[in-house]
Amino acid sequence: MTATRWLAEYAWLPDHAEPTPDVLIEAEDGRITAVTPLVGTDTPAAGVEVLRDAVRLPGLTLPGLANAHSHAFHRALRGRTHGGRGDFWSWRDVMYTVAARLDPDSYLALARAAYAEMALAGITCVGEFHYLHHGPDGTPYADPNAMSAALVEAAAHAGIRITLLDTAYLTAGVDGAPLAGPQRRFGDGDALRWAERVSAFTPGDDHARVGAAIHSVRAVPAEQLATVAGWADRQGRPLHVHLSEQPAENDACRAVHGCTPTRLLADHGVLGRHTTAVHATHPTSADLTLLGDSRTGICLCPTTERDLADGIGPARRMAEAGSPLSLGSDSHAVVDLFEEARAVELDERLRTRRRGHFTTAELVTAATAAGHAALGWGDAGRLSVGDRADLVTVRLDSARTAGVPPVGAFFAATAADVTHVVVDGRTVVADGRHLTVDVPTELRAAIKEVTRS
Ligand SMILES: [Zn+2]
């Protein structure tokens, strides 16, 4: 049994519009057991002794951040696709060349470094949207879940939790064209064989859970959507799906099925409160109603959407329709949940030429509790008794945050301002350093391995 206590200079408590000063947070066996604001209340019964052995957290302490949408291997593409022209589809060709080179060993090394970078940024749980299942020509590894196991192990090394969103990826287009070239390693043949493989993967580790994903309406035939959705529903697992990231997907879906991708998913039982649609950048008004009425979550990935010239999703309308919003770094062009969160507000400002669409508290919820819930960890993302003891402390004395009031720090800070990270009661980052992974060195080596020509 391990008991720990921290004294936060400021802490963002649930249902508060701004941070609370001088908060004592206590935990036992990875769970928060007490949250006590010291200002205006009596010092706890144990008095000064309690405070003497508390770990001091100068700055603003937030709940753990959740990165609800990740493709770990995309980290190798950072800085390699930005110089030229092109669009999502030309970027995808570059992405496929890295995908073709990975094996379980090199993916473990790359994902471990990428997840450790996330830990440094205050991310305590990642949703890995995973479709690199088999060998490069589509032949399964001796263990058909070897790549999944590598990702789960990578998260353990990095000290964060993972929801492995095992992704069904069966066809190359809405028209049912077969997978070809680098896509062959994504496929299981059909949804039943996908389900059989996923069912056999049962990581026993406390830090890992398995969920399901439908890559997109491009990659799973309409008549097999219900098989994937049914598996997730029966197992009580989260289900994620890329949705309407590109207008071309909407056009292709209309041409083949006579409806939008959202309508197609609704008609095959994919939407619901355990489902998260990723992007949803180009929905119709009717799509927003279908998503909101079914309480389907939406994961926005603004830094990726801007990097890939996708467009701006209607975030405020999504929230008002009833969809909980979460955030993901997706392609990892940027790993900074502060930037993702403020982009939700700032992109709305660009579109509408008006300010003030989301409160800071709403953005904090998207980056924390809503993200963890979307990944199946409903007991994380709040500094409240009974929740997992995830703490993320942001310094208020950096060049970026000095002089900023604590309530404004969420809008001013970057990932580089995170100094202390606790995951399930264990310290993973202290004084801005990862305790077990030399992140820059490991990133450099792992990326060199998969990009050498
Ligand atoms: Zn994605």
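Right above here is the structure, for reference.
On a predicted model such as this, the values are computed, not experimentally measured, just so you know.

A. Spotlight on the overall build of the protein chain. Across its full length, the protein chain carries 16 helices and 16 strands. Computed over its C-alpha atoms, the radius of gyration of the protein chain comes to 21 Å, within 12% of the 22 Å expected for a compact globule of 453 residues. For the protein chain, the proportion of its 453 residues judged to be buried stands at 58%. Within the protein chain, contacts between residues at least 6 apart in sequence are counted, and of these 74% link residues at least 24 apart. Total accessible area on the protein chain stands at roughly 17500 Å², and carbon and sulfur atoms take up 51% of it. Across the protein chain, the centroid of the 42 positively charged side chains sits 4 Å from that of the 56 negatively charged ones.

B. Fine view of the sheet that holds strand β8 (residues 208–214). Across the sheet, which stays open at both edges, the 8 strands sit in the order β5-β6-β7-β8-β9-β10-β11-β12 with parallel pairing between neighbours. Of all the strands in the sheet, just β5 (65–70) and β12 (325–327) have a single pairing partner and so form its edges. Each neighbouring strand pair of the sheet contributes to a mean axis angle of 25°, computed without reference to strand direction. Bridge count between strand β11 (residues 297–300) and β12: 3 bridges; the pairing is parallel.

C. Main features of the packing of helix α5 (residues 191–199) against helix α6 (residues 222–235). The geometry of α5 relative to α6 is characterised by a closest axis approach of 9 Å and an angle of 20° between their N-to-C directions. When the axes of α5 and α6 are compared, the pair comes out roughly parallel. You can see that α5 and α6 cross each other, and the crossing is right-handed. Counted together, A191, L192, W194, A195, V198 and S199 of α5 and Q224, T227, V228 and W231 of α6 form the full contact between these two elements. In the contact of α5 with α6, the residues fall into 7 nonpolar, 3 polar and no charged.

D. Main features of the side chain of H69. Position of H69 among the secondary structure elements: in strand β5. Setting aside its immediate chain neighbours within four residues, H69 contacts G127, F129, H242, V278, C299, C301, L327, G328, S329 and D330.

E. Quick peek at the coordination of the zinc ion. Every protein donor of the zinc ion is listed here as H69 (NE2), H71 (NE2), H242 (NE2) and D330 (OD), and their distances to the metal cover 2.1 to 2.8 Å. Between the 4 donor atoms coordinating the zinc ion, the angles at the centre fall across 83 to 170°, so the site counts as irregular. Here the donor residues for the zinc ion map to a single chain with the spacing H-x1-H-x170-H-x87-D. In this pair, H69 is assigned in strand β5 and H242 in strand β9 (residues 239–243), connecting sequence segments 173 residues apart. In terms of burial, H69 and H242 fall into one category: buried.

F. The arrangement of the pattern of salt bridges in detail. If you walk through the whole model with that rule in mind, you get 25 salt bridges. Linking E117 and R75 is a salt bridge whose minimum nitrogen-to-oxygen distance equals 2.7 Å. Of this pair, E117 sits in helix α3 (residues 104–120) while R75 sits in the loop between β5 and α2 (88–99); the two residues are 42 residues apart in sequence, bridging distant segments of the chain. When sorted by exposure, E117 lands in the same class as R75, which is buried.

G. Representation of the pairing of strand β2 (residues 20–28) in the model. Pairing of β2 with strand β3 (residues 31–37), which is carried by 6 bridges, proceeds in the antiparallel orientation. From the neighbouring strand, E26 faces β3, where its bridge partner is A34. The hairpin formed by β2 and β3 contains 2 residues between the paired strands, and D29 there has a positive phi angle of roughly 50°.

H. Structural detail: the packing of aromatic side chains. Under the counting rule described, the total for this entry stands at 8 aromatic pairs. Where Y131 meets Y169, the ring centres are 5.4 Å apart and the plane angle is 50°; that geometry is what we call tilted. Of the two residues, Y131 sits in the loop between β6 (123–130) and α4 (146–158) while Y169 sits in the loop between β7 (161–168) and α5, which places them 38 residues apart along the sequence. Like Y131, the residue Y169 is buried in the burial classification. On the basis of an interplanar angle of 75° and a centroid distance of 4.8 Å, the ring pair of Y131 and F186 is categorised as edge-to-face. Of the two residues, Y131 is situated in the loop between β6 and α4 and F186 in the loop between β7 and α5; the sequence distance between them amounts to 55 residues. Judged by relative accessible area, F186 falls into the buried class, the value being 0%. Over the face of the ring belonging to F358 we find R316, whose NZ or CZ atom lies 4.6 Å from the ring centre.

I. Quick look at the side chain of T167. As for its position among the elements, T167 is in strand β7. On the accessibility criterion, T167 (0% relative accessible area) is buried. Contacts of T167, omitting those with residues within four sequence positions, involve F129, H130, Y131, H133, W194, A213, I214 and H215.

J. How the structure looks around the environment of G322. Residue position: G322 is located in the loop between α11 (315–321) and β12. Expressed as a C-alpha distance, the spacing of G322 and L288, which sit 34 residues apart in the sequence, is 8.8 Å. Discounting residues that sit within four places of it in the chain, G322 has contacts with G292 and R295.

K. Structural context of the environment of A255. Following the sequence through the fold, A255 ends up in helix α7 (residues 247–257). C-alpha of A255 to C-alpha of T441: the two residues are 186 residues apart in sequence and 48 Å apart in space.

L. Representation of helix α13 (residues 360–367) in the model. Restricting attention to buried positions, one finds in α13 the residues L363, V364, A366 and A367. Buried residues of α13, seen end-on, are gathered within an arc of 160° and therefore sit on one face of the element.

M. Highlighting α4. With 13 residues, α4 should reach 18 Å at 1.5 Å per residue; the first-to-last C-alpha distance of 18 Å fits that figure. Burial in α4 covers these residues: A146, M147, S148, A150, L151, V152, A154, A155 and A158. Positive backbone phi, approximately 85°, marks G159, located one or two places after α4.

Rules and cut-offs
- Residues numbered from 1 in each chain as written.
- Predicted model: local features only at pLDDT ≥ 70, side-chain atom pairs only at ≥ 80, totals over all residues.
- Heavy atoms only, no water.
- Helix = DSSP H or I, 4+ residues; strand = E, 2+ residues; numbered from the N terminus.
- Rg over C-alpha atoms; globule rule 2.2 N^0.38 Å.
- Buried < 20%, exposed > 50% of the residue type's maximum accessible area, 1.4 Å probe, protein only.
- Contact = heavy atoms within 4.5 Å.
- Areas by Shrake-Rupley, 256 points an atom, 1.4 Å probe, with all protein chains shown as cover.
- Lys, Arg positive; Asp, Glu negative; His and termini not counted.
- Charge placed at Lys NZ, Arg CZ, Asp CG, Glu CD.
- Pairing = 2+ DSSP bridges.
- Axes fitted to C-alpha atoms, helices over the stretch in contact; angles between N-to-C directions.
- Parallel < 35°, antiparallel > 145°, perpendicular 65-115°, else oblique.
- Left-handed = near helix turned anticlockwise from the far one by under 90°.
- Nonpolar A, V, L, I, M, F, W, Y, C, P; charged D, E, K, R; others polar.
- Donors = N, O, S within 2.8 Å, 3.2 Å for Na, K, Ca; no water.
- Tetrahedral: all angles 85-135°; square planar, octahedral: opposite > 155°, others 65-115°.
- Salt bridge = Lys/Arg side-chain N within 4 Å of Asp/Glu carboxyl O.
- Phe/Tyr/Trp six-rings, centres within 6.5 Å; stacked < 30°, edge-to-face > 60°.
- Lys NZ or Arg CZ within 6 Å of the ring centre and 35° of its normal.
- Arc of directions from axis to C-beta.
- Expected span 1.5 Å × (residues − 1).

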